[in-house]
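# Working through the structure, step by step
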Amino acid sequence: MITLISFVLILLVITAAFTKFVMHTFEIKKRYVPATHLVVGIILGILARPFTDLGVELRFWAGAFTGLISAGLLDFETFKMIFLKKKGGK
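What counts, and where the lines are drawn
- Going along each chain's sequence as written, the residues are numbered from 1 onward.
- Note on the predicted model: pLDDT of at least 70 is required for a residue's local features to be given, and 80 or more for side-chain atom pairs to be given and counted; whole-chain, interface and lining totals, by contrast, use all residues.
- Computation of side-chain values covers all heavy atoms of the structure but excludes hydrogens and water.
- Secondary structure follows DSSP: runs of H or I at least 4 residues long count as helices, runs of E at least 2 residues long count as strands, and numbering of each begins at the N terminus.
- Here's how the labels work: a residue is buried when its accessible area is under 20% of the maximum for its type, exposed when over 50%, partly exposed in between, all with a 1.4 Å probe on protein chains only.
- Here, two residues are considered to be in contact whenever any of their heavy atoms come within 4.5 Å of each other.
- In this tally, Lys and Arg are treated as positive and Asp and Glu as negative; His is ignored, and so are the chain termini.
- In this description, the location of a charge corresponds to atom NZ of lysine, CZ of arginine, CG of aspartate or CD of glutamate.
- Values of pLDDT, which run from 0 to 100, indicate the predictor's confidence residue by residue.
- Multiply 1.5 Å by the residue count of a helix minus one, and that product is the helix's expected span.
- Pairing of aromatic side chains requires ring centres within 6.5 Å, counting the rings of Phe and Tyr and the six-membered ring of Trp. Pairs whose planes differ by under 30 degrees are stacked, by over 60 edge-to-face, and all others tilted.
- Patch criteria: residues need more than 30% relative accessible area and no salt bridge. Like-charged residues are merged within 9 Å; nonpolar side chains of Val, Leu, Ile, Met, Phe, Trp and Tyr are merged within 5 Å.
- Accessible areas in this description were obtained via Shrake-Rupley with a 1.4 Å probe; residue shielding takes into account the shown protein chains only.
- The working definition used for a salt bridge is a side-chain nitrogen of Lys or Arg within 4 Å of a carboxyl oxygen of Asp or Glu.

### Observations regarding the overall build of the protein chain
Along the backbone of the protein chain there are 3 helices and 0 strands. Sequence-ordered secondary structure for the protein chain, helices as α and strands as β, is α-α-α. Principal-axis analysis of the C-alpha atoms places the extent of the protein chain at approximately 50 × 30 × 15 Å. The burial tally for the protein chain puts 29% of its 90 residues in the buried class. In the protein chain, 66% of the contacts between residues at least 6 apart in sequence involve partners at least 24 apart. When the 11 basic and 5 acidic side-chain charges of the protein chain are each reduced to a single mean position, those positions are 12 Å apart.

### Digging into the confidence of the model for the protein chain
Taken as a whole, the protein chain shows an average pLDDT of 87; of its residues, 94% reach a score of 70 or greater. Least confident of the elements in the protein chain is helix α3 (residues 56–87), whose mean pLDDT is 83; most confident is helix α2 (residues 33–47), at 93.

### Observations concerning α2
Relative to the 21 Å expected for 15 residues at 1.5 Å per residue, α2 spans 21 Å between its end C-alpha atoms, a close match to the ideal helical length. Among the residues making up α2, those that are buried are Val-33, Thr-36, His-37, Val-40, Gly-41, Ile-42, Leu-44 and Gly-45.

### A few points about the packing of aromatic side chains
This structure, assessed with the given rule, holds 3 aromatic pairs. Relative to Phe-21, the ring of Phe-18 has its centre 6.1 Å away and its plane inclined at 40 degrees; by these criteria the two rings are tilted. Linking Phe-18 with Phe-21, this pair stays in helix α1 (residues 2–25), spanning 3 residues, or about one helical turn. A relative accessible area of 38% means that Phe-18 is categorised as partly exposed. With relative accessibility at 51%, the residue Phe-21 sits in the exposed group. With 5.5 Å between their ring centres and 85 degrees between their planes, Phe-60 and Trp-61 make a pair best called edge-to-face. By relative accessible area, which is 31% here, Phe-60 ends up partly exposed.

### Remarks on a nonpolar patch on the surface
Taken together, the side chains of Ile-46, Val-56, Phe-60, Trp-61, Phe-65, Ile-69 and Leu-73 define a hydrophobic patch exposed on the protein surface, amounting to about 640 Å² of accessible area. Sort the elements by how many residues they give to the nonpolar patch and α3 lands first, with 6 residues. Relative to the helices and strands, Trp-61 is located in helix α3.

### Describing the side chain of His-37
Among the secondary structure elements, His-37 is positioned in helix α2. Residues contacting His-37, with those up to four places away along its chain left out, are Thr-15, Thr-19, Met-23, Gly-67, Ser-70, Ala-71 and Leu-74.

Put into structure tokens, the structure is as follows:
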């Protein structure tokens with residue numbers, strides 16, 4: 001269980017960074033951003049085979065969860081920036 005949680009936390013950071021890179025490299029419509037996060041998370045989870053002894057189904061689900069979490073973090077970051085601009089803060 002500790003291995004799975006550690007794997008998800010590390011994969012979350014990598015997924016968020018890689019998705020941000022993909023979004024800046026390619027022009028992705030706003031409606032496809034969550035799907036992009038999900039697909040990148042799943043792909044990175046499956047490709048992480050050399051770094052963990054988890055089975056492919058656990059790596060698949062961990063990638064899916066990290067993709068969805070990173071999409072939520074991106075939306076929260078965007079919301080926070082818009083909210084602070086309206087309030088006049090930093």
